[in-house]
Amino acid sequence: MDKKTLEKFDDQNAFIKVSTPAPVDGASKAALNRKGNQLYNDGKVEEARRVFMTTGYSDGLSRVGDYYKSKGRPLEALRMYWIAPDKAKAQILIESLSGVLKSLIKEDTMEFKND
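Every value quoted in this text rests on a predicted model; they were computed, and no experiment measured them.

Asks: Tell me about the packing of helix α2 (residues 26–41) against helix α3 (residues 45–55), residues and numbers included.
Replies: Each pair of packed helices can be described by the angle between their axes along with the distance between the axes. Orientation of α2 relative to α3, taken along the N-to-C sense of each, is 160°, at an axis distance of 8 Å. Taken together, the axes of α2 and α3 are roughly antiparallel relative to one another. As for how α2 packs across α3, the hand of that crossing is left-handed. Residues K29, L32, N33, G36, N37, L39 and Y40 of α2 pack against V45, E47, A48, V51, F52 and T55 of α3.

Shown next as structure tokens:
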């Protein structure tokens, strides 16, 4: 899935919001990333996510995505993978979620036919 595909959903309040990180100089970025890593290691994942979003630290964002995935929050995990960008992990979730959607549509269609 590429950015053009997602742009079709811009007017539909889609759940993925991609933003550009604020410009941060190298020394500040490194210090913030260290702080984010410490927060993540201390179990303060939401605080770490905010730091990683600010700096655009892809490894940190991907780890937050892994955390969300482990907690059964696949849409939030997909958002982190997409922003990271970690295309491999995003693709796995996209395929999984599309399978779920196909099943739901199939069930809905079957119920409609039986009514």
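Okay, back to it.
Asks: Just give me the short version of the pattern of salt bridges, but keep the residues and values in it.
Replies: Applying the stated criterion to the full structure yields five salt bridges. In this structure, D59 and R63 form a salt bridge, with 3.3 Å as the shortest nitrogen-oxygen distance. Placement of both D59 and R63 in helix α4 (residues 58–70) is noted, with a separation of four residues, approximately one turn of the helix. Under the relative-accessibility criterion, D59 is labelled partly exposed at 39%.

Asks: Please set out the packing of aromatic side chains residue by residue, giving values where relevant.
Replies: For the structure shown, the criterion picks out two aromatic pairs. Measuring from ring centre to ring centre gives 6.1 Å for Y67 and Y68, while their planes differ by 55°; the resulting arrangement is tilted. Assessed through its relative accessible area of 3%, Y68 is described here as buried. Over the ring of Y40 we find R63, and its NZ or CZ is 5.0 Å from the ring centre. The ring of W82 carries K87 above its face, with NZ or CZ at 4.3 Å from the centroid.

Asks: I'd love a proper account of the confidence of the model for the protein chain, names of residues and values included.
Replies: Mean pLDDT over the protein chain: 84, with 77% of residues reaching 70 or higher. Taken element by element, the protein chain is modelled with least confidence in helix α1 (residues 3–7), mean pLDDT 56, and with most confidence in α4, mean pLDDT 98.

Asks: How would you summarise α3 if you had to cite specific residues and measurements?
Replies: Along α3, the residues that are buried comprise V45, A48, R49, V51, F52, M53 and T55. Buried positions along α3 lie against α2, α4 and α5 (74–83). Note on α3: the residue one or two positions beyond its end, G56, has a positive phi of about 75°.

Asks: Pulling in residues and values, what's your account of α2?
Replies: With 16 residues, α2 ought to run about 22 Å at 1.5 Å a step, and its terminal C-alpha atoms sit 22 Å apart, in line with that. Every buried residue belonging to α2 is among N33, G36 and L39, and all of these are buried. Angularly, the buried residues of α2 cover 120° about the axis, an arc narrow enough to put them on a single face. Along α2, exposed side chains directed more than 90 degrees from the buried face belong to A27, R34 and N41. Where α2 starts, the residue carrying a side-chain oxygen 3.2 Å from the main-chain nitrogen of A27 turns out to be D25.

Thresholds applied
Residues numbered from 1 in each chain as written. Predicted model: local features only at pLDDT ≥ 70, side-chain atom pairs only at ≥ 80, totals over all residues. Heavy atoms only, no water. Axes fitted to C-alpha atoms, helices over the stretch in contact; angles between N-to-C directions. Helix = DSSP H or I, 4+ residues; strand = E, 2+ residues; numbered from the N terminus. Parallel < 35°, antiparallel > 145°, perpendicular 65-115°, else oblique. Left-handed = near helix turned anticlockwise from the far one by under 90°. Contact = heavy atoms within 4.5 Å. Salt bridge = Lys/Arg side-chain N within 4 Å of Asp/Glu carboxyl O. Buried < 20%, exposed > 50% of the residue type's maximum accessible area, 1.4 Å probe, protein only. Phe/Tyr/Trp six-rings, centres within 6.5 Å; stacked < 30°, edge-to-face > 60°. Lys NZ or Arg CZ within 6 Å of the ring centre and 35° of its normal. pLDDT = per-residue confidence, 0-100. Expected span 1.5 Å × (residues − 1). Arc of directions from axis to C-beta. Polar contact = N/O pair within 3.5 Å; in protein donor to acceptor, adjacent residues only side chain to side chain.

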